[in-house]
Amino acid sequence: MTTPTITALRAYVPDTTGGADYHAQRDGHWIDDHISSPMAKYPQYRASRRSFGLSLLGTVVVEVEASDGTVGFAPTTGGEPAAWIIENHLTRLVEGAPVTDLERLWDQMYLSTLYYGRKGLVVNAISGVDLALWDLLGKVRGEPVHAMIGGAVRDEIVFYATGPRPDVAQKLGFIGGKLPLRHGPAEGEEGIAATAERLATARAAVGDGFWLMLDCWMSLTLDHAVRLSHALDEVGLRWLEEPLLPDDYWSHATLRSRMPAGMLLSSGEHESTRYGFRALLEFGKVDLVQPDVGWCGGLTELLRISALAEAHGAMVVPHGSSVYSYHFVATRQHSPFAEFLMMHPDGTEVVPMFSPLLVDEPVPVNGRLRVSELDRPGFGVRLNPDRPLRRPYPR
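The text that follows walks through the structure, step by step, so that each part is easy to find. Computed from a predicted structure; not experimentally measured.

Looking at the overall build of the protein chain
- Secondary structure assignment for the protein chain yields 11 helices and 15 strands.
- Relative to the compact-globule value of 21 Å for 395 residues, the protein chain shows a C-alpha radius of gyration of 20 Å, a close match.
- Within the span of the protein chain, comprising 395 residues, buried residues form 59% of the whole.
- Sequence-distant contacts in the protein chain: of pairs separated by 6 or more residues, those separated by 24 or more amount to 72%.
- Separation of charge centres in the protein chain, based on 36 positive and 48 negative side chains, amounts to 2 Å.

Brief notes about the pairing of strand S1 (residues 6-14)
- Across the nine residues of S1, eight count as buried, placing the element largely inside the fold.
- Pairing geometry for S1 and strand S2 (residues 59-66), over six bridges, is antiparallel. Bridging across to S2, Arg 10 finds its partner in Glu 63.
- Bridge analysis of S1 against strand S15 (residues 389-390) gives two bridges, and the strand direction is antiparallel. The residue bridging Val 13 from the neighbouring strand is Arg 390, located in S15.

Here's the deal with unusual backbone geometry
- Backbone torsion omega between Ser 355 and Pro 356 reads 5°, so that peptide bond is classified as cis.
- Positive phi, normally seen in glycine, also occurs at Glu 242, with a value near 45°.
- With respect to the helices and strands, Glu 242 occurs in the loop between strand S7 (239-241) and helix H8 (249-258).
- The class for Glu 242 is buried, based on a relative accessible area of 1%.

Some remarks on the pattern of salt bridges
- Within this structure, the stated rule accounts for 27 salt bridges.
- We note a salt bridge from Arg 227 to Glu 189, for which the minimum N-O separation is 2.0 Å. Of the two residues, Arg 227 sits in helix H7 (residues 222-231) while Glu 189 sits in helix H6 (residues 188-206), which places them 38 residues apart along the sequence.
- A relative accessible area of 30% places Arg 227 in the partly exposed class.
- Connected through shared salt-bridge partners, Glu 87, Glu 95, Arg 391 and Arg 395 make up one network.

Let's talk about the packing of helix H3 (residues 121-141) against helix H10 (residues 298-311)
- Look at H3 against H10: their axes get within 6 Å of each other, and the N-to-C directions meet at 95°. With respect to each other, H3 and H10 are oriented roughly perpendicular. Two secondary-structure elements touch here, H3 through Ser 127, Asp 130, Leu 131 and Trp 134 and H10 through Gly 298, Leu 299, Thr 300 and Leu 303.
- Broken down by class, the residue content of the contact of H3 with H10 amounts to four nonpolar, three polar and one charged.

Regarding the packing of helix H9 (residues 273-282) against H10
- Look at H9 against H10: their axes get within 9 Å of each other, and the N-to-C directions meet at 20°. It follows that H9 is roughly parallel to H10 by the angle criterion. Once H9 is placed against H10, the crossing between them reads as right-handed. On H10, the residues touching Thr 273, Arg 274, Phe 277, Arg 278 and Leu 281 of H9 are Glu 301, Arg 304, Ile 305, Leu 308 and Ala 309.
- Class assignment of the residues belonging to the contact of H9 with H10 gives a composition of five nonpolar, one polar and four charged.

Analysis parameters
Residues numbered from 1 in each chain as written. Predicted model: local features only at pLDDT ≥ 70, side-chain atom pairs only at ≥ 80, totals over all residues. Heavy atoms only, no water. Helix = DSSP H or I, 4+ residues; strand = E, 2+ residues; numbered from the N terminus. Rg over C-alpha atoms; globule rule 2.2 N^0.38 Å. Buried < 20%, exposed > 50% of the residue type's maximum accessible area, 1.4 Å probe, protein only. Contact = heavy atoms within 4.5 Å. Lys, Arg positive; Asp, Glu negative; His and termini not counted. Charge placed at Lys NZ, Arg CZ, Asp CG, Glu CD. Pairing = 2+ DSSP bridges. Salt bridge = Lys/Arg side-chain N within 4 Å of Asp/Glu carboxyl O. Axes fitted to C-alpha atoms, helices over the stretch in contact; angles between N-to-C directions. Parallel < 35°, antiparallel > 145°, perpendicular 65-115°, else oblique. Nonpolar A, V, L, I, M, F, W, Y, C, P; charged D, E, K, R; others polar. Left-handed = near helix turned anticlockwise from the far one by under 90°.

See the structure below:
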């Protein structure tokens with residue numbers, strides 16, 4: 001049978017909140033409520049991450065169409081700037097290629113954008129195209145993505161929950177709860193004391209057997225991170241996540257050597273490509289890497305990052321990203337659990353992470369998801385027909 005070729009690559013933006021840019025939420029959402037950030041050292045930007053522009057980009061939806069009429073798609077963060085890159089640059093590389101040429105297309109997209117890319121927005125755009133290509137190939141072959149990358153190694157995926165209420169996460173069946181840090185270095189010892197009190201309250205509510213983690217979102221100095229880690233040792237913190245600026249690999253290694261022995265160091269949400277993760281693993285000495293498949297280079301690059309992490313004895317637990325990471329987690333022994341972002345405004349209910357953008361998006365029940373729920377072709381989700389998309393740069 002003749003292999004279909006890619007006839008069109010298109011980029012759209014939804015005129016709605018939510019979607020892949022999970023920070024683009026309405027007022028009152030927990031994800032924007034006094035969460036520490038690198039900008040929190042400036043008082044005017046401390047109460048809200050949206051105040052310095054975190055939610056400005058929005059979502060971009062990438063669509064690829066094959067010569068047999070099959071269409072694959074994927075969302076990621078990037079909005080109109082990413083749509084411009086996709087429509088005006090990446091199309092010349094992707095259109096006309098066989099739908100099977102994922103490795104070559106990734107290589108060409110990455111190499112052709114090196115002079116203005118390598119990380120950030122450009123790699124987000126490449127990630128979205130790569131995920132859409134995997135979705136397309138799965139639909140052409142009639143196979144789920146997890147079957148195309150080695151097959152499932154488990155029957156179900158277990159989850160921890162990220163949100164403001166670990167006590168609720170425990171009642172909903174999750175194996176752990178990850179809280180966002182609220183008080184950074186600018187708030188000094190009082191901030192450390194407030195964080196320790198908050199975690200102690202959480203521990204009292206959930207008991208000793210439930211995991212507690214803390215997401216620091218790149219906001220700490222090395223000294224503050226060391227002091228905070230020891231202040232939280234009594235609550236049995238499972239890991240300290242992304243405490244330092246992502247490019248400071250050397251301070252990660254120093255922190256790893258000065259943290260309590262039983263506490264894991266996690267990072268990688270804002271890291272890109274195998275090269276960045278090689279530095280994080282070899283220089284940074286992290287125990288657990290958390291690439292976002294929509295930001296790190298897509299599934300093609302996540303598979304490379306995964307092999308690298310496994311060789312270093314590190315776990316890979318992708319950051320959020322719903323089905324786009326679930327298919328990966330189902331296939332890797334060193335990805336023993338997955339993250340679920342509690343995107344309900346109060347963090348008290350399980351709702352689809354990419355709502356309202358996607359249809360058929362599976363969610364964990366009692367903190368678990370059967371891999372059989374991922375057995376539809378491609379990534380197994382559909383765009384919501386009731387949410388119109390706008391193509392800002394049609395060709």
